[in-house]
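# Results of the structural survey
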Amino acid sequence: MTTLEQSAVMTDTEAAVEEHDPATIRRRSSPWRSRALRIASVAAAITAWQLLTAHDVRVWLRFDTLPTVTDVVSAFGTQLQTALFYLDLGQSLIRILSGFGLATVVGVATGIALGRSELFADVLGPLTELARPIPAIAVVPVAILLFPSDEAGIVFITFVAAFFPIMVSTRHAVRALPTLWEDSVRTLGGGRWDVLSRVVLPGILPGVFGGLSVGIGVAWICVISAKMISGRLGVGYRTWQAYTIVDYPGVFVGMITIGILGFVTSGAVELLGRRVTRWLPRGERA
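A short tour of the structure in this document, coming up. Predicted, not measured: the structure shown is a model, and the values here were computed from it.

A separate point is the overall build of the protein. The secondary structure content of the protein amounts to 14 helices and 2 strands. Counting every position in the protein, which comprises 286 residues, the buried fraction comes to 35%. If you sum the accessible surface of the protein, you get close to 17,600 Å²; carbon and sulfur atoms cover 67% of it.

Right, let's talk about the side chain of Thr110 for a bit. Within the fold, Thr110 resides in helix α5 (residues 83-116). We classify Thr110 as buried; its relative accessible area is 13%. For Thr110, the side chain forms a polar contact with the main-chain oxygen of Val106, separated by 2.7 Å. Those residues in contact with Thr110, other than ones at most four positions away along the chain, are Phe120, Phe163 and Met167.

Moving on: a nonpolar patch on the surface. Taken together, Leu119, Val123, Leu124, Leu127 and Leu130 make up a surface patch of nonpolar side chains, about 520 Å² in accessible area. Here Leu127 shows up in helix α6 (residues 118-131).

What follows is about unusual backbone geometry. It is generally the case that most residues other than glycine have a negative phi and that most peptide bonds are trans. The phi torsion at Trp60 lies on the positive side, around 65°, for a residue other than glycine. Structurally, Trp60 is set in the loop between β1 (58-59) and β2 (61-62). One non-glycine residue, Val246, adopts positive backbone phi at about 60°. Of note, Val246 is situated in the loop between α12 (235-244) and α13 (248-276). Classification of Val246 by relative accessible area gives exposed; the value is 54%.

Our focus in this paragraph is the nonpolar core. Grouped together as the largest cluster of nonpolar side chains are 51 residues, with contacts concentrated most on Phe100, Ile112, Ile166, Val200, Ile204, Leu212 and Trp220. Once residues lying within four places of it in the same chain are set aside, the contact partners of Phe100 are Thr158, Ala162, Ile166, Leu212, Gly215, Ile216 and Val269.

Attention now moves to the packing of aromatic side chains. All chains considered together, the criterion is met by 8 aromatic pairs. Judged by centre distance (5.3 Å) and plane angle (35°), the ring pair of Trp49 and Phe252 falls under tilted. Linking Trp49 in helix α3 (residues 31-54) with Phe252 in helix α13, this pair joins segments that are 203 residues apart in sequence. Exposure remark for Trp49: the relative accessible area of 22% places this residue in the partly exposed category.

Let's shift gears to the pattern of salt bridges. Summed over all chains, the structure comprises 4 salt bridges. The residue Arg58 makes a salt bridge to Asp64 at a minimum N-O spacing of 2.9 Å. With relative accessibility at 27%, the residue Asp64 sits in the partly exposed group. Arg238 is paired through a salt bridge with Asp88; the nearest N and O atoms lie 2.8 Å apart. Taken together, the residues span a long stretch of sequence, with Arg238 in helix α12 and Asp88 in helix α5 at a distance of 150 residues. Taking the relative accessible area as the measure of exposure, Arg238 reaches 18% and is therefore buried. Look at the salt bridges and you will find they share partners, linking Glu129, Arg132 and Arg171 into a network.

Thresholds applied
Residues numbered from 1 in each chain as written. Predicted model: local features only at pLDDT ≥ 70, side-chain atom pairs only at ≥ 80, totals over all residues. Heavy atoms only, no water. Helix = DSSP H or I, 4+ residues; strand = E, 2+ residues; numbered from the N terminus. Buried < 20%, exposed > 50% of the residue type's maximum accessible area, 1.4 Å probe, protein only. Areas by Shrake-Rupley, 256 points an atom, 1.4 Å probe, with all protein chains shown as cover. Polar contact = N/O pair within 3.5 Å; in protein donor to acceptor, adjacent residues only side chain to side chain. Contact = heavy atoms within 4.5 Å. Patch = residues over 30% accessible without salt bridge, like charges linked within 9 Å, V, L, I, M, F, W, Y side chains within 5 Å. Salt bridge = Lys/Arg side-chain N within 4 Å of Asp/Glu carboxyl O. Core = buried A, V, L, I, M, F, W, Y, C linked by side-chain atoms within 4.5 Å. Phe/Tyr/Trp six-rings, centres within 6.5 Å; stacked < 30°, edge-to-face > 60°.

Geometry only, nothing functional implied.
Rendered as C-alpha coordinates:
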(Lines give C-alpha, C1' and ligand atoms only; values in the text may rest on other atoms or scores of the structure.)
Protein backbone atom coordinates (compact mmCIF):
# COMPACT_ATOMS: atom_id res chain seq x y z
CA MET A 1 0.00 0.00 0.00
CA THR A 2 1.39 3.37 -0.96
CA THR A 3 1.89 6.25 1.45
CA LEU A 4 -0.96 8.16 -0.21
CA GLU A 5 -3.32 5.22 0.25
CA GLN A 6 -2.26 4.82 3.90
CA SER A 7 -2.93 8.52 4.53
CA ALA A 8 -6.37 8.21 2.97
CA VAL A 9 -7.20 5.17 5.12
CA MET A 10 -6.03 6.97 8.26
CA THR A 11 -8.06 10.05 7.35
CA ASP A 12 -11.19 7.94 6.83
CA THR A 13 -10.60 6.16 10.14
CA GLU A 14 -10.14 9.42 12.04
CA ALA A 15 -13.26 10.83 10.43
CA ALA A 16 -15.27 7.77 11.43
CA VAL A 17 -14.00 7.97 15.00
CA GLU A 18 -14.80 11.67 15.19
CA GLU A 19 -18.23 11.03 13.69
CA HIS A 20 -19.13 8.70 16.57
CA ASP A 21 -17.30 10.66 19.26
CA PRO A 22 -19.72 11.72 22.06
CA ALA A 23 -18.20 15.19 22.18
CA THR A 24 -18.82 15.66 18.45
CA ILE A 25 -22.39 14.45 18.79
CA ARG A 26 -22.98 16.86 21.69
CA ARG A 27 -21.58 19.77 19.70
CA ARG A 28 -23.84 18.98 16.77
CA SER A 29 -26.98 18.64 18.88
CA SER A 30 -28.97 21.82 19.16
CA PRO A 31 -28.83 23.52 22.58
CA TRP A 32 -32.46 24.59 22.11
CA ARG A 33 -33.55 20.94 22.12
CA SER A 34 -31.89 20.35 25.49
CA ARG A 35 -33.40 23.52 26.93
CA ALA A 36 -36.84 22.62 25.62
CA LEU A 37 -36.66 19.18 27.24
CA ARG A 38 -35.64 20.68 30.59
CA ILE A 39 -38.42 23.23 30.50
CA ALA A 40 -40.92 20.55 29.46
CA SER A 41 -39.94 18.29 32.37
CA VAL A 42 -40.42 21.10 34.88
CA ALA A 43 -43.71 22.12 33.29
CA ALA A 44 -44.96 18.53 33.40
CA ALA A 45 -44.13 18.24 37.11
CA ILE A 46 -45.91 21.53 37.88
CA THR A 47 -48.95 20.47 35.84
CA ALA A 48 -49.14 17.14 37.66
CA TRP A 49 -48.87 18.93 41.00
CA GLN A 50 -51.71 21.29 40.10
CA LEU A 51 -54.00 18.52 38.82
CA LEU A 52 -53.43 16.22 41.80
CA THR A 53 -53.94 18.93 44.43
CA ALA A 54 -56.77 20.80 42.72
CA HIS A 55 -58.83 17.60 42.36
CA ASP A 56 -58.08 16.40 45.91
CA VAL A 57 -56.58 13.13 44.71
CA ARG A 58 -55.90 10.61 47.46
CA VAL A 59 -54.31 7.40 46.18
CA TRP A 60 -52.14 6.21 49.06
CA LEU A 61 -50.51 9.68 49.04
CA ARG A 62 -52.76 12.48 50.34
CA PHE A 63 -52.47 15.18 47.72
CA ASP A 64 -55.66 16.76 49.01
CA THR A 65 -53.75 18.10 52.03
CA LEU A 66 -51.17 19.97 49.93
CA PRO A 67 -51.60 23.50 48.58
CA THR A 68 -52.16 23.94 44.86
CA VAL A 69 -49.70 25.60 42.51
CA THR A 70 -51.89 28.68 42.33
CA ASP A 71 -51.89 28.97 46.13
CA VAL A 72 -48.11 28.76 46.24
CA VAL A 73 -47.68 31.27 43.41
CA SER A 74 -50.02 33.67 45.18
CA ALA A 75 -48.09 33.31 48.44
CA PHE A 76 -44.80 33.74 46.57
CA GLY A 77 -46.03 36.95 44.99
CA THR A 78 -47.11 38.28 48.37
CA GLN A 79 -43.73 37.55 49.95
CA LEU A 80 -41.83 39.12 47.05
CA GLN A 81 -43.51 42.41 47.93
CA THR A 82 -42.24 42.37 51.53
CA ALA A 83 -38.83 43.59 52.74
CA LEU A 84 -38.61 40.69 55.20
CA PHE A 85 -38.31 38.17 52.36
CA TYR A 86 -35.19 39.87 50.97
CA LEU A 87 -33.75 40.25 54.46
CA ASP A 88 -34.12 36.49 54.94
CA LEU A 89 -32.41 35.90 51.59
CA GLY A 90 -29.52 38.15 52.53
CA GLN A 91 -29.07 36.55 55.93
CA SER A 92 -29.06 33.03 54.48
CA LEU A 93 -26.58 33.97 51.74
CA ILE A 94 -24.25 35.70 54.19
CA ARG A 95 -24.20 32.69 56.48
CA ILE A 96 -23.76 30.13 53.71
CA LEU A 97 -21.03 32.10 51.91
CA SER A 98 -19.16 32.80 55.15
CA GLY A 99 -19.13 29.18 56.27
CA PHE A 100 -18.49 27.83 52.77
CA GLY A 101 -15.67 30.29 52.09
CA LEU A 102 -13.97 29.38 55.36
CA ALA A 103 -14.45 25.67 54.65
CA THR A 104 -12.92 26.11 51.19
CA VAL A 105 -9.72 27.65 52.54
CA VAL A 106 -9.32 25.29 55.50
CA GLY A 107 -10.53 22.20 53.62
CA VAL A 108 -8.16 22.65 50.67
CA ALA A 109 -5.20 23.41 52.94
CA THR A 110 -5.97 20.41 55.18
CA GLY A 111 -6.48 18.10 52.21
CA ILE A 112 -3.13 19.10 50.70
CA ALA A 113 -1.39 18.62 54.06
CA LEU A 114 -2.97 15.20 54.57
CA GLY A 115 -2.03 14.13 51.07
CA ARG A 116 1.52 15.45 51.14
CA SER A 117 2.71 15.10 54.74
CA GLU A 118 2.96 11.69 56.39
CA LEU A 119 3.41 13.34 59.81
CA PHE A 120 0.29 15.48 59.34
CA ALA A 121 -1.67 12.42 58.20
CA ASP A 122 -0.56 10.46 61.27
CA VAL A 123 -1.42 13.27 63.71
CA LEU A 124 -4.69 14.70 62.30
CA GLY A 125 -5.77 11.95 59.92
CA PRO A 126 -7.43 9.77 62.59
CA LEU A 127 -9.23 12.78 64.08
CA THR A 128 -10.70 13.81 60.72
CA GLU A 129 -11.80 10.25 59.97
CA LEU A 130 -13.50 9.98 63.37
CA ALA A 131 -15.30 13.31 62.97
CA ARG A 132 -16.24 12.90 59.30
CA PRO A 133 -19.13 10.41 59.75
CA ILE A 134 -20.86 12.68 62.30
CA PRO A 135 -23.72 14.54 60.54
CA ALA A 136 -23.25 18.30 60.64
CA ILE A 137 -26.82 18.74 61.87
CA ALA A 138 -25.85 16.73 64.97
CA VAL A 139 -23.40 19.51 65.83
CA VAL A 140 -26.28 21.98 66.37
CA PRO A 141 -26.47 21.44 70.17
CA VAL A 142 -22.70 21.82 70.45
CA ALA A 143 -22.77 25.01 68.37
CA ILE A 144 -25.53 26.46 70.55
CA LEU A 145 -23.46 25.78 73.68
CA LEU A 146 -20.10 26.75 72.18
CA PHE A 147 -20.84 30.06 70.46
CA PRO A 148 -22.26 33.20 72.11
CA SER A 149 -24.70 33.92 69.27
CA ASP A 150 -26.97 31.77 67.13
CA GLU A 151 -25.63 33.26 63.90
CA ALA A 152 -22.01 32.38 64.73
CA GLY A 153 -23.12 28.85 65.54
CA ILE A 154 -24.96 28.57 62.22
CA VAL A 155 -21.84 29.69 60.33
CA PHE A 156 -19.90 27.02 62.23
CA ILE A 157 -22.43 24.34 61.25
CA THR A 158 -22.18 25.44 57.61
CA PHE A 159 -18.40 25.27 57.85
CA VAL A 160 -18.48 21.74 59.28
CA ALA A 161 -20.93 20.58 56.60
CA ALA A 162 -18.82 21.85 53.70
CA PHE A 163 -15.38 21.14 55.19
CA PHE A 164 -15.32 17.36 54.98
CA PRO A 165 -16.39 16.92 51.30
CA ILE A 166 -13.84 19.56 50.28
CA MET A 167 -11.08 18.08 52.43
CA VAL A 168 -11.65 14.49 51.29
CA SER A 169 -11.83 15.42 47.58
CA THR A 170 -8.65 17.49 47.88
CA ARG A 171 -6.80 14.71 49.70
CA HIS A 172 -7.75 12.12 47.09
CA ALA A 173 -6.80 14.51 44.27
CA VAL A 174 -3.36 15.09 45.82
CA ARG A 175 -2.71 11.37 46.23
CA ALA A 176 -3.83 10.68 42.65
CA LEU A 177 -1.26 13.04 41.12
CA PRO A 178 1.34 11.22 38.98
CA THR A 179 4.73 11.22 40.72
CA LEU A 180 6.33 11.84 37.33
CA TRP A 181 5.16 15.46 37.40
CA GLU A 182 6.86 16.16 40.72
CA ASP A 183 10.00 14.32 39.64
CA SER A 184 10.18 16.44 36.50
CA VAL A 185 10.01 19.68 38.47
CA ARG A 186 12.64 18.52 40.95
CA THR A 187 14.89 17.34 38.13
CA LEU A 188 14.79 20.87 36.71
CA GLY A 189 15.88 22.27 40.06
CA GLY A 190 12.51 23.13 41.55
CA GLY A 191 11.95 23.13 45.29
CA ARG A 192 8.97 22.34 47.52
CA TRP A 193 7.11 25.56 46.72
CA ASP A 194 7.70 25.04 43.01
CA VAL A 195 6.11 21.59 43.28
CA LEU A 196 3.12 23.03 45.16
CA SER A 197 2.57 25.94 42.77
CA ARG A 198 3.36 24.19 39.48
CA VAL A 199 2.20 20.62 40.09
CA VAL A 200 -0.03 20.17 43.13
CA LEU A 201 -2.31 23.20 42.96
CA PRO A 202 -3.00 23.06 39.18
CA GLY A 203 -3.26 19.26 39.20
CA ILE A 204 -5.84 18.99 41.98
CA LEU A 205 -8.21 21.67 40.63
CA PRO A 206 -10.72 19.19 39.09
CA GLY A 207 -10.92 17.24 42.35
CA VAL A 208 -11.16 20.40 44.44
CA PHE A 209 -14.07 21.76 42.44
CA GLY A 210 -15.80 18.39 42.64
CA GLY A 211 -15.59 18.67 46.41
CA LEU A 212 -16.76 22.30 46.31
CA SER A 213 -19.82 21.32 44.29
CA VAL A 214 -20.75 18.64 46.82
CA GLY A 215 -19.87 20.87 49.77
CA ILE A 216 -22.11 23.76 48.75
CA GLY A 217 -25.10 21.42 48.47
CA VAL A 218 -24.49 19.81 51.85
CA ALA A 219 -23.92 23.25 53.38
CA TRP A 220 -27.34 24.44 52.20
CA ILE A 221 -29.02 21.38 53.69
CA CYS A 222 -27.38 21.87 57.08
CA VAL A 223 -27.70 25.65 57.30
CA ILE A 224 -31.41 25.46 56.56
CA SER A 225 -31.89 22.68 59.10
CA ALA A 226 -29.90 24.63 61.68
CA LYS A 227 -31.99 27.74 61.12
CA MET A 228 -35.12 25.68 61.63
CA ILE A 229 -33.80 24.64 65.04
CA SER A 230 -32.08 27.86 66.07
CA GLY A 231 -32.18 31.32 64.54
CA ARG A 232 -34.35 34.37 64.07
CA LEU A 233 -33.80 35.24 60.41
CA GLY A 234 -33.27 33.33 57.21
CA VAL A 235 -35.19 31.21 54.74
CA GLY A 236 -35.03 28.08 56.91
CA TYR A 237 -36.35 29.85 59.98
CA ARG A 238 -39.16 31.45 57.98
CA THR A 239 -40.10 28.07 56.49
CA TRP A 240 -40.33 26.48 59.92
CA GLN A 241 -42.31 29.44 61.22
CA ALA A 242 -44.80 29.02 58.36
CA TYR A 243 -45.20 25.36 59.29
CA THR A 244 -45.89 26.15 62.95
CA ILE A 245 -48.72 28.52 62.01
CA VAL A 246 -50.12 26.03 59.45
CA ASP A 247 -49.23 28.25 56.49
CA TYR A 248 -48.54 25.44 54.03
CA PRO A 249 -48.24 27.68 50.94
CA GLY A 250 -45.57 29.59 52.88
CA VAL A 251 -43.78 26.32 53.57
CA PHE A 252 -43.64 25.56 49.86
CA VAL A 253 -42.45 29.10 49.14
CA GLY A 254 -39.56 28.50 51.52
CA MET A 255 -38.78 25.11 49.97
CA ILE A 256 -38.78 26.51 46.45
CA THR A 257 -36.64 29.47 47.52
CA ILE A 258 -34.11 27.12 49.11
CA GLY A 259 -34.03 25.04 45.93
CA ILE A 260 -33.43 28.09 43.76
CA LEU A 261 -30.67 29.38 46.03
CA GLY A 262 -28.97 25.99 46.08
CA PHE A 263 -29.28 25.64 42.32
CA VAL A 264 -27.78 29.08 41.68
CA THR A 265 -24.86 28.72 44.09
CA SER A 266 -24.04 25.19 42.95
CA GLY A 267 -24.22 26.30 39.32
CA ALA A 268 -21.88 29.21 40.09
CA VAL A 269 -19.34 26.84 41.64
CA GLU A 270 -19.49 24.48 38.66
CA LEU A 271 -19.21 27.36 36.19
CA LEU A 272 -16.17 28.71 38.02
CA GLY A 273 -14.66 25.24 37.99
CA ARG A 274 -15.09 24.93 34.23
CA ARG A 275 -13.53 28.34 33.71
CA VAL A 276 -10.57 27.66 35.97
CA THR A 277 -9.86 24.17 34.53
CA ARG A 278 -10.47 25.10 30.89
CA TRP A 279 -6.81 24.48 30.11
CA LEU A 280 -7.11 20.85 31.21
CA PRO A 281 -8.13 18.21 28.60
CA ARG A 282 -11.14 17.14 30.69
CA GLY A 283 -12.16 20.77 31.18
CA GLU A 284 -12.02 21.40 27.41
CA ARG A 285 -14.11 18.31 26.67
CA ALA A 286 -16.70 19.30 29.30
